[in-house]
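Chain by chain, the residues:
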Amino acid sequence: MAKQEFRAPDGGPVHFERIIKSPMDRSESVLRRQYKDDDTLARALIDGDPEIDMEVAGRIAGPCDRIWTDPDHKPPYAVKMVEIVYGPDGVEKERRVPINVESNVGEDMPLRWTGRLFEREEIVRRFAITRKYQIAHTDGLTFDFLHRMAAALENKDALMSIGAGPKGRDPLVFERNGTPFRTFLDRSSPFKIPLVAHKT
């Protein structure tokens, strides 16, 4: 497989740089402490651009290390990790010690064909499509297997729910401590089947 290359409008090579957007003393939280209400802050932004440091903004940052800071932008020296759980309404429900969740997608963890079909209109109304993968064959046996799956979905004109676990009821976690996804199979060509991941 050829290596993907990016080109600038003039055809030249593209390289990536980390640049400085603004220093910490120009952040929103600092400005809100400096200006007491929204009207005063809005007027200051219009008149003088206090969020921009003309001497610093746009400079190349060079190698950087990511660190944790407190609300005052000072690095803490003792950190206790806490997982905050929010409800559907955005209200905090609980705080707990983070739990490591392992990926449940792999060669030794087959996904389950649940038999539950969803019409495309229902998928569009109920879910937000955030990822899409393609399952490709590697030999004649997997080609025939995927061909039959694609033909079944083509005949039904629907998407098939799939999942992890013994009965296929668990959402898929593609990476360690990753976001769980509800997933569906869609028909494409006899060679590839899209695996559509919807955020739960």
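Preceding this paragraph is the structure being described.
Below or above, wherever it landed, is the structure these notes cover. Quantities reported herein were computed from a predicted structural model and do not represent experimental measurements.

1. Remarks on the overall build of the chain
When helices and strands are counted, the chain shows 4 helices and 7 strands. For the chain, the succession of helices and strands along the chain, N to C, is α-α-β-β-β-α-β-α-β-β-β. For the chain, the C-alpha radius of gyration of 25 Å lies well beyond 16 Å, the compact-globule estimate for 200 residues. The long-range share in the chain, meaning contacts at least 24 apart out of those at least 6 apart in sequence, stands at 59%. Per element, the accessible surface of the chain, about 15,700 Å² overall, is 53% carbon and sulfur. If the 32 positive side-chain charges of the chain are averaged to one point and the 33 negative ones to another, these points end up 5 Å apart.

2. Side note on a nonpolar patch on the surface
A cluster of nonpolar side chains, contributed by Phe6, Val14 and Phe16, occupies part of the molecular surface with about 350 Å² of accessible area. On the secondary structure map, Val14 appears in the segment before helix H1 (28-34).

3. Describing the pairing of strand S6 (residues 181-185)
Taking burial as the measure, the 5 residues of S6 include 4 buried ones, the bulk of the element. Sheet topology places strand S5 (residues 159-163) next to S6; 3 bridges connect them, and they run antiparallel. Bridge pairing in S6 links Met160 to Leu185.

4. Let's talk about the pattern of salt bridges
Enumeration according to the criterion identifies 10 salt bridges in this entry. Arg96 is paired through a salt bridge with Glu94; the nearest N and O atoms lie 3.5 Å apart. Among the ionic pairs, Arg120 bridges to Asp157, the shortest N-O distance being 3.5 Å. On the criterion of sequence distance, the pair formed by Arg120 in helix H3 (residues 120-126) and Asp157 in the loop between helix H4 (140-156) and S5 is long-range, its members being 37 residues apart.

5. Focus: the nonpolar core
With 6 residues, the main nonpolar core is built from Leu146, Met149, Leu153, Met160, Ile162 and Leu185. Within the residue set of this core, elements represented by two or more residues are H4 and S5. A total of 3 residues in this core trace back to one element, the largest contributor, which is H4. Phe118, Ile123, Phe127 and Phe184 belong to the second largest nonpolar core, which has 5 residues in total.

6. Observations regarding helix H2 (residues 38-48)
Capping the start of H2, Asp37 holds a side-chain oxygen 3.1 Å from the backbone nitrogen of Asp39, two or three residues further along. Note on H2: the residue one or two positions beyond its end, Asp49, has a positive phi of about 50°.

What counts as what
- Residues numbered from 1 in each chain as written.
- Predicted model: local features only at pLDDT ≥ 70, side-chain atom pairs only at ≥ 80, totals over all residues.
- Heavy atoms only, no water.
- Helix = DSSP H or I, 4+ residues; strand = E, 2+ residues; numbered from the N terminus.
- Rg over C-alpha atoms; globule rule 2.2 N^0.38 Å.
- Contact = heavy atoms within 4.5 Å.
- Areas by Shrake-Rupley, 256 points an atom, 1.4 Å probe, with all protein chains shown as cover.
- Lys, Arg positive; Asp, Glu negative; His and termini not counted.
- Charge placed at Lys NZ, Arg CZ, Asp CG, Glu CD.
- Patch = residues over 30% accessible without salt bridge, like charges linked within 9 Å, V, L, I, M, F, W, Y side chains within 5 Å.
- Salt bridge = Lys/Arg side-chain N within 4 Å of Asp/Glu carboxyl O.
- Buried < 20%, exposed > 50% of the residue type's maximum accessible area, 1.4 Å probe, protein only.
- Pairing = 2+ DSSP bridges.
- Core = buried A, V, L, I, M, F, W, Y, C linked by side-chain atoms within 4.5 Å.
- Polar contact = N/O pair within 3.5 Å; in protein donor to acceptor, adjacent residues only side chain to side chain.

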